[in-house]
Amino acid sequence: MPVEINLNSRVRIQDDVLFQELQGEAVLLNLKTGVYLGLNQIGTRIWQLLQEDGSLSRVMEVMLGEYDVTQEKLAQDLLDLVGQMEKQGLLVEAG
């Protein structure tokens with residue numbers, strides 16, 4: 001049974017995922033499955049930070065410094081988005 005992703009998790013973007021940014025928003029496309037996901041400006045920023053090292057705690061730290069949001073709200077939104085990305089095969093939890 002897979003471990004649920006939490007704020008201490010590190011994730012890895014799947015090799016077959018294409019990222020295309022346009023005017024601050026982005027689309028992710030899994031070339032193998034054809035699954036795609038549109039991201040708003042905040043989701044795009046999260047994806048960019050995940051590309052750097054995959055650390056959810058680091059994404060939280062950076063985002064709290066950049067956006068006027070409570071830690072609780074950001075944590076919930078981050079875990080929801082990452083969970084959705086994982087279900088759609090766009091990223092996986094790294095070991």
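Refer to the preceding data block for the structure.
Now for a quick tour of the structure.

The rules behind each value
Residues numbered from 1 in each chain as written. Predicted model: local features only at pLDDT ≥ 70, side-chain atom pairs only at ≥ 80, totals over all residues. Heavy atoms only, no water. Buried < 20%, exposed > 50% of the residue type's maximum accessible area, 1.4 Å probe, protein only. Helix = DSSP H or I, 4+ residues; strand = E, 2+ residues; numbered from the N terminus. Pairing = 2+ DSSP bridges. Axes fitted to C-alpha atoms, helices over the stretch in contact; angles between N-to-C directions. Parallel < 35°, antiparallel > 145°, perpendicular 65-115°, else oblique. Left-handed = near helix turned anticlockwise from the far one by under 90°. Contact = heavy atoms within 4.5 Å. Nonpolar A, V, L, I, M, F, W, Y, C, P; charged D, E, K, R; others polar. Phe/Tyr/Trp six-rings, centres within 6.5 Å; stacked < 30°, edge-to-face > 60°.

**Remarks on the pairing of strand β4 (residues 36-39)**
No. 1: The two faces of β4 differ: Leu37 and Leu39 on one face are buried, but Tyr36 and Gly38 on the other face are not.
No. 2: The pairing of strand β3 (residues 25-30) with β4 spans four bridges and is antiparallel. Bridging across to β4, Leu29 finds its partner in Tyr36.

**Some words on the packing of helix α1 (residues 41-53) against helix α2 (residues 56-66)**
No. 1: Two elements in contact, α1 and α2, have axes whose closest approach is 9 Å; the angle formed by their N-to-C orientations is 135°. Classed by the angle they form, the pair α1 and α2 counts as oblique. Handedness of the α1/α2 crossing: right-handed. Two secondary-structure elements touch here, α1 through Ile42, Arg45, Ile46, Leu49, Leu50, Glu52 and Asp53 and α2 through Leu56, Arg58, Val59, Val62, Met63 and Glu66.
No. 2: Residues of the contact of α1 with α2, tallied by class, amount to eight nonpolar, no polar and five charged.

**A closer look at the packing of aromatic side chains**
Remark: the centre distance and the inter-plane angle together describe each pair of aromatic rings, the angle taken between the planes.
No. 1: Scanning all chains against the criterion turns up one aromatic pair.
No. 2: Ring geometry for Phe19 and Trp47: centres 6.3 Å apart, planes at 15°, overall stacked. Placement of Phe19 in strand β2 (residues 17-22) and of Trp47 in helix α1 is noted, with a sequence separation of 28 residues between them.
No. 3: Taking the relative accessible area as the measure of exposure, Phe19 reaches 22% and is therefore partly exposed.

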